[in-house]
Amino acid sequence: MTIKVIETTPFSDQKPGTAGLRESVARFREPHYLNNFIQSVFDSVPDLAGARLVIGGDGRHFNREAAQTLIRMAVANGVSEIILGADAILSTPAAAHLVALEGAAGGFLLTASHNPGGPDGDFGIKFNVRGGGQASAELTDRIHARSLQIREYREAHIPLPRLDDIGLHSLSEGCRLRIVDPVNAHADLMESQFDFPAIARWLQARPGRFLFDAMHAVTGPYAREVFVRRLGGDDSLLLNASPREDFAGGHPDPNPVDAADFVARFATADAPDLGGASDGDGDRNMIVGPGRMVSPCDSLAIICANHDCIPGLAGRLKGVARSMPTSRALDTVAQALGIPCHETPTGWRFFASLLDAGQIQLCGEESFGTSSDHVREKDGLWAVLAWMQMLASHNCSVDELLERHWQRFGRHYFVRHDHALSSEQGDAVMAHLDQHTDRGRLTLGGYELSADSFSYTDPISGHTVTRQGIRLHTDTGGRIVFRLSGTGTQGATLRIYLEQAVAADADWRQDRDGVLEPLSRLALEAANLRKLCGETTPTAVI
Ligand SMILES: O=P([O-])(O)O[C@H]1O[C@H](COP(=O)(O)O)[C@@H](O)[C@H](O)[C@H]1O
Ligand SMILES: [Mg+2]
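All of these numbers come straight from a predicted model, not from anything done at the bench.

**Let's talk about the coordination of the magnesium ion (ligand 2)**
Part 1 of the reasoning: For the magnesium ion (ligand 2), the full set of protein donor atoms is Ser113 (OG), Asp279 (OD), Asp281 (OD) and Asp283 (OD), and the range of their distances to it is 2.0 to 2.2 Å.
Part 2 of the reasoning: Counting along the primary sequence, the residues that act as donors to the magnesium ion (ligand 2) give the motif S-x165-D-x1-D-x1-D.
Part 3 of the reasoning: Overall, Asp279 belongs to the buried group, its relative accessible area being 0%.
Part 4 of the reasoning: With a relative accessible area of 1%, Asp281 lands in the buried category.

**With respect to the sheet that holds strand β6 (residues 122-129)**
Part 1 of the reasoning: Within the open sheet, the 7 strands sit side by side as β2-β6-β5-β3-β4-β9-β8. Their pairing is mixed. Both outer strands of the open sheet, β2 (21-24) and β8 (167-170), are each paired with one neighbouring strand and no more. Neighbour to neighbour, the strand axes of the sheet diverge by 20° on average, direction disregarded.
Part 2 of the reasoning: The pairing of β8 with strand β9 (residues 176-180) spans 4 bridges and is classified as antiparallel. Paired with His169 across the strands is Leu177, a residue of β9.

**A short note on unusual backbone geometry**
Part 1 of the reasoning: Of note in the backbone geometry, His32 takes a positive phi value of approximately 75° without being a glycine.
Part 2 of the reasoning: Considering the arrangement of structural elements, one finds His32 in the loop between α1 (25-29) and α2 (33-44).
Part 3 of the reasoning: With a relative accessible area of 29%, His32 lands in the partly exposed category.
Part 4 of the reasoning: Unusually for a residue other than glycine, Asn528 sits at a positive phi of about 55°.

**Here's the deal with the UniProt feature "domain: Alpha-D-phosphohexomutase alpha/beta/alpha" (unreviewed entry) in the chain**
Part 1 of the reasoning: In the numbering adopted here, UniProt assigns the feature "domain: Alpha-D-phosphohexomutase alpha/beta/alpha" (unreviewed entry) to residues 14-153, 190-288 and 298-409.
Part 2 of the reasoning: Annotated as 37% helix and 24% strand, the span residues 14-153 places its first and last C-alpha atoms 15 Å apart.
Part 3 of the reasoning: What you have in residues 190-288 is 30% helix and 15% strand, and the ends, taken at the C-alpha atoms, are 20 Å apart.

**So, helix α14 (residues 398-409)**
Residue pairs three or four apart in sequence face the same way in an α-helix, which turns once every 3.6 residues.
Part 1 of the reasoning: When the terminal C-alpha atoms of α14 are compared, their 16 Å separation across 12 residues agrees well with the 16 Å that a helix rising 1.5 Å per residue should span.
Part 2 of the reasoning: Buried residues of α14: Val398, Leu401, Leu402, His405, Trp406 and Phe409, and no others. Looking down the long axis of α14, one finds its buried residues gathered within 125° of arc, a one-sided arrangement. Seen from the buried face of α14, the exposed residues on the opposite side, beyond 90 degrees, are Gln407 and Arg408.
Part 3 of the reasoning: Downstream of α14 by a residue or two, Gly410 has a phi angle that is positive, lying close to 85°.

**Observations regarding the site of ligand 1**
Part 1 of the reasoning: Inspection of the region around ligand 1 gives 20 residues, with Thr18, Ser367, Ser485, Gly486 and Thr487 positioned closest.
Part 2 of the reasoning: Across the complex, the protein chains shield 99% of the 460 Å² of accessible surface that ligand 1 would expose by itself.
Part 3 of the reasoning: The class makeup of the residues in the shell around ligand 1 is 2 nonpolar, 9 polar and 9 charged.

**Section: the packing of helix α13 (residues 380-394) against α14**
Part 1 of the reasoning: Packing of α13 against α14 leaves a shortest axis separation of 10 Å and a crossing angle of 85°. One element, α13, and the other, α14, form an angle in the roughly perpendicular class. The residues of α14 that touch α13, namely those facing Trp387, Met390, Leu391 and His394, are Val398, Leu401 and Arg404.
Part 2 of the reasoning: Residues that form the contact of α13 with α14 fall into these classes: 5 nonpolar, 1 polar and 1 charged.

**Section: the packing of aromatic side chains**
Part 1 of the reasoning: Throughout the structure, instances matching the rule amount to 13 aromatic pairs.
Part 2 of the reasoning: Judged by centre distance (4.8 Å) and plane angle (65°), the rings of Phe11 and Tyr33 are edge-to-face. Taken together, the positions of Phe11 in the loop between β1 (2-7) and β2 and Tyr33 in helix α2 put the pair 22 residues apart, joining distant regions of the chain. Across the pair, Tyr33 and Phe11 agree in class, each one buried.
Part 3 of the reasoning: Seen in terms of ring centroids, Phe42 and Phe108 are 5.7 Å apart; in terms of plane orientation they differ by 50°. Their pairing is tilted. Note that Phe42 is positioned in helix α2 and Phe108 in strand β5 (residues 106-110), a separation of 66 residues in sequence.
Part 4 of the reasoning: A residue is classified by how much of its surface remains accessible, and Phe42, at 6% relative accessible area, is buried.

**Overview of the pattern of salt bridges**
Once their charged atoms are close, side chains differing in charge can pair, the charge on each being opposite to the other.
Part 1 of the reasoning: Under the definition given, this model contains 44 salt bridges.
Part 2 of the reasoning: Between Asp418 and Arg416 there is a salt bridge, with its nearest N and O atoms 2.9 Å apart. Both residues of the pair, Asp418 and Arg416, count as buried.
Part 3 of the reasoning: Each of Arg322, Arg328, Asp331, Glu343, Asp452, Arg471, Arg479 and Glu499 takes part in one network of salt bridges that share partners.

**Notes on the domain arrangement of the chain**
The parts lose accessible area when they come together, and the size of an interface is often stated as this lost area.
Part 1 of the reasoning: Examined at the domain level, the chain breaks down into domain 1 (2-182), domain 2 (185-409) and domain 3 (412-541).
Part 2 of the reasoning: Tallying the contact residues gives 10 residues for domain 1 and 7 residues for domain 3.
Part 3 of the reasoning: Across the interface of domain 1 and domain 3, roughly 640 Å² is buried in total on both sides, 49% from carbon and sulfur atoms.
Part 4 of the reasoning: Of all residues in domain 1, the largest losses of buried area upon contact with domain 3 belong to Thr18, Arg22 and Glu138, amounting jointly to 56% of the total for that side.
Part 5 of the reasoning: Where domain 1 touches domain 3, the interface holds 0 salt bridges.
Part 6 of the reasoning: Counting only elements with at least two residues in the side of domain 1 that touches domain 3, the list comes to β2 and α5 (137-147).
Part 7 of the reasoning: Here the side of domain 1 that touches domain 3 is built from residues that sort into 1 nonpolar, 4 polar and 5 charged.

**Structural notes on the sheet that holds strand β16 (residues 341-344)**
Part 1 of the reasoning: As summarised here, the arrangement of the 4 strands in space is β16-β15-β17-β18, forming an open sheet in which the pairing is mixed. Since the sheet does not close on itself, it has two edges, and those belong to β16 and β18 (369-372), each with one partner. Strand-to-strand twist of the sheet, defined as the mean angle between neighbouring strand axes without regard to direction, takes the value 15°.
Part 2 of the reasoning: Set on the sheet, helix α11 (residues 329-337) makes contact with β15 (320-323) and β16; between it and β15 the angle comes to about 165°.

**Describing the side chain of His342**
Part 1 of the reasoning: Relative to the helices and strands, His342 resides in strand β16.
Part 2 of the reasoning: Apart from the residues lying within four places of it in its own chain, the contact partners of His342 are Val320, Ala321, Arg322, Leu354, Gln359 and Ile360.

**Observations concerning the nonpolar core**
Part 1 of the reasoning: Ranked by size, the top nonpolar core spans 98 residues in total, and within it Phe210, Phe212, Phe227, Leu385, Trp387 and Phe482 carry the most contacts.
Part 2 of the reasoning: Counting residues per element, this core draws most heavily on α13, which supplies 10 residues.
Part 3 of the reasoning: What Phe482 contacts, discounting residues up to four positions off in sequence, is Met430, Leu433, Gly469, Ile470, Leu472, Arg495, Ile496, Ala523, Ala526 and Ala527.
Part 4 of the reasoning: Core analysis: the second largest hydrophobic core is formed by 48 residues, Leu34, Ala105, Leu110 and Ile179 among them.

Analysis parameters
- Residues numbered from 1 in each chain as written.
- Chains lettered and ligands numbered in written order.
- Predicted model: local features only at pLDDT ≥ 70, side-chain atom pairs only at ≥ 80, totals over all residues.
- Heavy atoms only, no water.
- Donors = N, O, S within 2.8 Å, 3.2 Å for Na, K, Ca; no water.
- Buried < 20%, exposed > 50% of the residue type's maximum accessible area, 1.4 Å probe, protein only.
- Pairing = 2+ DSSP bridges.
- Helix = DSSP H or I, 4+ residues; strand = E, 2+ residues; numbered from the N terminus.
- Axes fitted to C-alpha atoms, helices over the stretch in contact; angles between N-to-C directions.
- UniProt positions renumbered as here; feature names shortened; annotations may be inferred.
- Expected span 1.5 Å × (residues − 1).
- Arc of directions from axis to C-beta.
- Near = heavy atom within 4 Å.
- Areas by Shrake-Rupley, 256 points an atom, 1.4 Å probe, with all protein chains shown as cover.
- Nonpolar A, V, L, I, M, F, W, Y, C, P; charged D, E, K, R; others polar.
- Parallel < 35°, antiparallel > 145°, perpendicular 65-115°, else oblique.
- Contact = heavy atoms within 4.5 Å.
- Phe/Tyr/Trp six-rings, centres within 6.5 Å; stacked < 30°, edge-to-face > 60°.
- Salt bridge = Lys/Arg side-chain N within 4 Å of Asp/Glu carboxyl O.
- Domains from an automatic or database assignment.
- Buried area = accessible area lost by both parts, 1.4 Å probe.
- Core = buried A, V, L, I, M, F, W, Y, C linked by side-chain atoms within 4.5 Å.

Have a look at this one:
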């Protein structure tokens, strides 16, 4: 085997964002770009040498080529065993699970989640550590620092087997490649968390009860194994279940904007009782019932309130967590249960240390991410199964579950407005908002407001991150959060999160947008959006 040491020069744009490094495919195809990042990870995580490594991705364009490069570089950097999902495919939760299951020292996940795929789309790469969790903020800072210093990378010149050839392959004297079925271990994990016979009875009780949209992304085969093969559902419950390299030209993000066609199927009189959808890499979920989509914030709170009917969680909830912009519906439930509710910055990586330390067993984000401590990533299929289990256990509809919840805990009306801006506009808006936090309290649009900039200290590692979003609180249970997205590849996306809490004895049957309209106007004024950007219409209302 020949190991080549190749000279290179640093790239200045390899700082991982909210969930790994995401760039256009064209950028990743530039000579040395992918190699530099991979070598920066190997240089920053020395215990990968002599260890086991997991590799898999969401199957988008460039996935296979990137996996081949990774394998060659892993061999050259002394990895002793590589576990690869067949054809270099693994959903994000399946990859995180394999890292834990196989005792691997880490894993590379090749995904840009729901960002568009294809030659003109995006690609992404993310390193997850031992146990399966995403690299911490400290580690991604180290990887970024290394990427700015890098002068050479290592690559083994060896022939590779076909990436779909399941079994053991020797790559070099010190390294073997194990190609595994990408679906089975995750399906077994799902079976260990839920009462499959009860869900199967619910599912089979009437045809057309349940519909799942895989959005032409990675979850199709995972959903087929669980919902059809193991739970006995009909094949017709699966929509868009054949994965495509470019997601059939779509934007595989399960939300009411990008999955509007799917949501529309629930507007008819003969709608299914439950719908679930998942994103490009299988970690997000959307829950739909007849006539409505369930807000991910409510979904998280409802799973928390009903956790006792989910075997994997029953009787073992010691704490929960939500990302800061996620509505405080979860806090209300946690308080009633007498357990702590942690508030973390946006991004699943901040949950990992709390999960590892056993401080939380359930967590979620407003961005359609929900999961438990069965794995260290969010898990789209898990969330859908959690809803099937709740409906089966309570023998009720999605509406009944929601309304009973609001009747008991009150409601947190919530919506997110996204604005596509240039980078300069995004910076100007955040600088303007910073002025409010300097003052702490302000009067605006007839409201008395308190303002702060969110900082977080990880209770386990003690590591602090600052400037994680600007929060305005009204004195009447309203909250507005502003932050810039960390997953985009062009310009800036301003995210404005609006929330209004309403008590259980108040009117929780109102129209969401009507309730949030005053906060929406206040948010535009607080951000000075018209003056700084000229445009005040959101590009997405989610
Ligand atoms: O764009 P941002 O920074 O707001 O980040 C967005 O995407 C992240 C990654 O999710 P995925 O891996 O499914 O893309 C989420 O953790 C976050 O809540 C969401 O707001
Ligand atoms: Mg995703």
